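Summary of structural features
Take a look at the letters that make up each chain.
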Amino acid sequence: MSHDGVGPRAVMRSVAFLTAGVLAVPALAGCSEKDPAGKPTAGQEIAPAERGQIADGGTLRWAVDALPETLNAFQADADAATSKVAGAVLPSMYRLDANGRPQRNPDYLESAKVVDREPRQVVLYKLNQQAVWSDGREIGAADFAAQWRALSGKDTAFWTARNAGYDRIEKIERGANDLEVRVTFSKPYADWQSLFSPLYPKDVMGTPDAFNDGARRKLKVTAGPFALDTVDKDSGEVRLKRNPRWWGRPAKLSELVLRAVPRDKRTAALAEGKVDLAEIGSSEAHRITLAARDKGKGNGAPLAHGPGAALTPGKSLRSWAIAHGSDEEAADEEILARKKRGKAVAEYADEQSSLRGFEVRKSLEPAFTQLALNGEEGPLADERVRRAVARALDREELARVVLKPLGLPAEPVGSHLALSGQQAYADNSGALGGQDTKEARALLADAGWVSGGPVREEQKEKKAAGAGASKEPAGSEASEASQTPAGSDSDADSDTDEGSGSSEDSGSSGSSSTSDGSDGSTTSGSSDSSDSSSSSDSSDSSGDDGTYIVGEDGKPGDDKPGENRAPALLVPAPLAELQRVALLDQAYVLGVHSQAEKAQKAKKQKAGKKQRIGKKQQAETENQRKKDGPGTSGKVEKNLAHEGRTQFQHGGAPGAYAPKGTAAPGRVAAGPLAKNGKPLTLRFVLPSGPGSQSLRAVGERIARMLEGIGIRTEISKVADESYFKDHIASGQYDLALYSWPASAFPATDARPIYSKPVPAADGSLNVEQNYTRVGTDQVDQLFDQAIAELDPGESRSLVRKADARIWAAAGSIPLYQRPQLTAARTNLANAGAFGFQTPLYEDMGFLKKGAKPQVSPSS
């Protein structure tokens, strides 16, 4: 699991998706047009080339986030680097193709099938007779049996991450000969193809000591196209070399080096020639694209981007003048600044020159980002509120925010359990419904959240929260109360790169308040009262206990930020009702006459042009006024109180104070909601790191969408290191964004994520990996049925039904498939953005001189 730019996904992958983490190699299988699962949303981009076009030899240096803590993929601290090593040096009975579907691996397996279903399920494996371990021993039943015993969960001395599938095996025995392995299951297991991938030798799996410690830093015996050479912590490298006993197609590369390079240092590592292949972010991808664009300009040409781009001729002349002026102190400072700027410009230019040898290969990662709704307590414990949140979201717009600037297909994900192209995929989002603000508001009203309802002791609660009542875990950096109009920044064409659409740095997109290190309970709005006769402050916040803010953002949903915004009208609480009625009655009368005068003038100036105003409009206005109360119709500008001009929008006077208990005008758009005296405010936790700009941009878009149905959000930006452990896993959030990898075996791998939490023996709640704390008995039953159904089509149907139930429960809302951006040397073939596939390590290599890669096939 992960959020953009942060590492929990690597930590959790070995726990949640052992069966999927290493089963992924190519076999370009196409999808039938009649396949309900469809095709992958984006094809892979790996610069494919025939083996004859690739030179023999060479070393490929591949950037990873960190050295693997263990080389045992079945331990809890296994990560993405562990999976890369295992994929290159160990057997896998099945691997995933470009569509994310399991395919038999012929290098190890001649056939595998279910030969008996009654009284027990029996799978017969026929192994490739050439398949041997690097010590010369044949791969056989003893290795299968050792791995089963270690992972079955019966012997707690083995420190395993999970036992899924292996705990359903009853026995493993030799078949008719040494090349046959018979696996008998105690319970039917639909995902049997997920097992024994990777397969470790019995030397690793045979004893608890060997399993727990023997394979953490070394693998003496392997059976892949590469073998483990060294793991060097000092240099931060894992070095793999060709396996001389490999019976398949020989590896083109002589060495494969996995080099630990932090994400923020990858641009420099690429430019310095330290790595040839690296996953990158959008900012690094932009630099590489610019470098390729500037390739024809020559090394001496000035760059229109980088640290020197803002230095105009005028600024340059002024800098020169200061540096050569009579003010010696200013001259010295300017000379030093010019030297630093010149050095930065030169370093940037050198890096850009080196980056011209790379290109960006892009696809969509086999993982999706979701909005998680914590249903354990608070407003989101009510399914109606969760469903309202979901119905407020424009998922297509959120996908565009992230994917459109990268040139990737911006399509929302329609399933929690698979991605487009995978066998179990089907768009089940209809079980919840699409964006519908009217329906969302109706759900909230049904749950008792009323627009304009009284809020009790708002000021006292705010004070207590800021005075030590904080429950926020360590690592929180800031909290913002979202006050942005729902209609702002909704144009899809305005979507830009990371951080685009963000209101984080703009004060004009709505009223918000930020407090460093707060508990996230900060709200916006005035705490001062003002006498209408003098327009001067007359009391402090302690005198406002009898008032509340009606539509305190003062922005009907269709207005743009900053346009015709009415300042708040502040009136002492005892006189508020009388003042409100008088002012609104005056606004009504003025509004009716103003509308009529404008209509007559328009008729005289533009003959023949029909205007739907006059008596009919006055009658409608009068009817509406009677329905909504005095002064609630018309659109006028009049100096009624305070200095300046106050515009009353259709629906009343947002921003006005009224006595405690007074309902908000019925036509106010997106007013704040309250229930039992408490406002509907959700704490939205987001990561604050530099690699999470796009995630924050999505979070801020979501906050504005929720504002449109009256839900306020308090955005808490927390340190990346604490985001998962201290907030997501511990349940210290209402809303959060993070990602799950997709699995080819969702009945096995997804069950812990969506199963219903149950009380543990110590009284705590056992959530497994269901960090939303939302689950149902029906979903659990469907997973149980799917995992025991040996008919593949029927099993997939049950998985899809489970997904529809998960959508309906609204514990999490899939948003978009994560982008996959990879920097690769232009002459590197069969490597890059793999999509669903893991690489064919033996086919990766550098093109011969003059050879060109093929056009990447469209999946």
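See the structure shown above.
Residues numbered from 1 in each chain as written. Predicted model: local features only at pLDDT ≥ 70, side-chain atom pairs only at ≥ 80, totals over all residues. Heavy atoms only, no water.

Remarks on the environment of Ala 392
Looking at the secondary structure, you find Ala 392 in helix H11 (residues 383–392). For Ala 392, a relative accessible area of 1% corresponds to the buried category. Sequence spacing of Ala 392 and Leu 706 is 314 residues, and the spatial spacing of their C-alpha atoms is 6.1 Å. (Helix = DSSP H or I, 4+ residues; strand = E, 2+ residues; numbered from the N terminus. Buried < 20%, exposed > 50% of the residue type's maximum accessible area, 1.4 Å probe, protein only.)

Observations regarding the pattern of salt bridges
Scanning the entire structure with this criterion turns up 33 salt bridges. Ionic pairing is found between Arg 263 and Asp 65, a salt bridge with its closest N-O pair at 2.9 Å. Highlighted residues: Arg 263 in the loop between strand S10 (255–260) and helix H7 (266–271) and Asp 65 in the loop between strand S1 (59–64) and helix H3 (80–89), separated in sequence by 198 residues. The partly exposed category is assigned to Arg 263, whose relative accessible area is 40%. You can call Asp 65 partly exposed: its relative accessible area is 43%. Of the charged contacts, one joins Glu 842 and Arg 249 as a salt bridge, the two residues approaching to 3.7 Å between their closest N and O atoms. With Glu 842 in the loop between strand S30 (828–829) and strand S31 (845–846) and Arg 249 in the loop between strand S9 (237–242) and S10, this residue pair connects regions lying 593 residues apart in the sequence. (Salt bridge = Lys/Arg side-chain N within 4 Å of Asp/Glu carboxyl O.)

Re the side chain of Glu 397
Looking at where Glu 397 falls in the secondary structure, it is placed in helix H12 (residues 395–403). Glu 397 sits in the buried class, given a relative accessible area of 7%. Among the polar contacts listed, one links the side chain of Glu 397 to the side chain of Arg 701, at a separation of 2.7 Å. (Polar contact = N/O pair within 3.5 Å; in protein donor to acceptor, adjacent residues only side chain to side chain.)

Re the sheet that holds strand S13 (residues 450–451)
Across the sheet, which stays open at both edges, the three strands sit in the order S13-S22-S23 with antiparallel pairing between neighbours. The open sheet has two edge strands, S13 and strand S23 (678–679), and neither has a second partner. Strand direction decides the pairing type here: S13 and strand S22 (residues 673–675), joined by two bridges, are antiparallel. The partner of Val 450 across the bridge, within S22, is Ala 674. (Pairing = 2+ DSSP bridges.)

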